[in-house]
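Geometric and topological summary
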Amino acid sequence: MSSSSSFKGLVEFSPTFSPRPEITHAVFDFDGTLSWLRHGWPEIMAQLFREQFDLRLDETDSELRELLLNDLLSLNGKASIYQMVRCAERVHERGRHVIDPDKLLLEYQRRLDVAIAERTEEIICGKKSRDDFVIFGARNILENLQKRGVTLIILSGTVEHRVKEEAALLDVARYFGKH
């Protein structure tokens with residue numbers, strides 16, 4: 001990936017935008033804001049959910065997939081267990097056997113971990129660079145904020161030790177210190 005210094009496009013600012021030099025702290029979500037390591041999680045989750053359903057006679061596979069994606073994306077930002085509970089509710093609505101949301105969550109996490117492990121291995125063995133999995137421009141923003149003395153903080157729904165491991169792998173942990 002190229003750095004944002006090579007960006008040639010237009011940047012628009014809201015008419016109400018004004019610089020705020022008094023900012024002392026900046027909070028970042030990790031997944032999808034700084035890191036692409038978990039990219040594709042909705043597809044992984046939707047595939048797992050899809051496996052729990054038989055098509056109704058009056059629906060297509062794409063209609064069911066859209067329904068399931070809408071369910072899971074409507075709960076984005078909440079802990080993944082809420083998406084698993086919603087899937088279990090949908091399964092129950094259709095008269096199928098009751099599925100355990102906790103078991104569904106474990107299987108989802110296992111599948112996501114496989115994708116993360118593959119991406120991690122690509123970085124470690126040199127097939128891909130760390131920056132291939134850092135959101136475009138994020139490193140430059142972090143560096144600029146750090147130079148200004150802004151305290152940088154990561155908040156994430158992902159468990160803390162995983163965020164720390166992944167931030168270290170992507171070489172962004174250094175911007176956050178103990179935060």
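Anyway, here's the lowdown on the structure attached to this text. On a predicted model such as this, the values are computed, not experimentally measured, just so you know.

1. Details of unusual backbone geometry
- Even without glycine at this site, Asp171 takes up a positive phi of about 60°.
- When you line up the elements, Asp171 lands in the segment after helix 6 (160-169).
- Note on Asp171: relative accessible area 26%, which makes it partly exposed.

2. Brief notes about the packing of helix 1 (residues 41-50) against helix 2 (residues 61-74)
- At a minimum axis separation of 9 Å, helix 1 and helix 2 run at an interaxial angle of 120°. Comparing the axis directions of helix 1 and helix 2 gives the class oblique. For the element pair helix 1 and helix 2, the recorded crossing hand is right-handed. Facing helix 1, whose interface residues are Trp41, Pro42, Glu43, Met45, Ala46, Phe49 and Arg50, helix 2 presents Asp61, Leu64, Arg65, Leu68, Leu69, Leu72 and Leu73.
- Class assignment of the residues belonging to the contact of helix 1 with helix 2 gives a composition of 10 nonpolar, no polar and 4 charged.

3. Structural notes on the pattern of salt bridges
- This model, assessed by the stated rule, comprises 17 salt bridges.
- In this structure, Glu107 and Arg111 form a salt bridge, with 2.7 Å as the shortest nitrogen-oxygen distance. Of this pair, Glu107 and Arg111 both sit in helix 4 (residues 101-124), separated by 4 residues, roughly a single helical turn.
- Note on Glu107: relative accessible area 22%, which makes it partly exposed.
- Within this structure, Asp31, Arg38, Asp113, Arg162 and Glu166 form a network of salt bridges that share partners.

4. Some thoughts on the environment of Ile44
- Among the structural elements, Ile44 can be located in helix 1.
- Among the residues examined, Ile44 registers a relative accessible area of 18% and is labelled buried.
- In this structure the C-alpha to C-alpha distance between Ile44 and Val85, which are 41 residues apart in sequence, comes to 16 Å.

About the criteria used
Residues numbered from 1 in each chain as written. Predicted model: local features only at pLDDT ≥ 70, side-chain atom pairs only at ≥ 80, totals over all residues. Heavy atoms only, no water. Helix = DSSP H or I, 4+ residues; strand = E, 2+ residues; numbered from the N terminus. Buried < 20%, exposed > 50% of the residue type's maximum accessible area, 1.4 Å probe, protein only. Axes fitted to C-alpha atoms, helices over the stretch in contact; angles between N-to-C directions. Parallel < 35°, antiparallel > 145°, perpendicular 65-115°, else oblique. Left-handed = near helix turned anticlockwise from the far one by under 90°. Contact = heavy atoms within 4.5 Å. Nonpolar A, V, L, I, M, F, W, Y, C, P; charged D, E, K, R; others polar. Salt bridge = Lys/Arg side-chain N within 4 Å of Asp/Glu carboxyl O.

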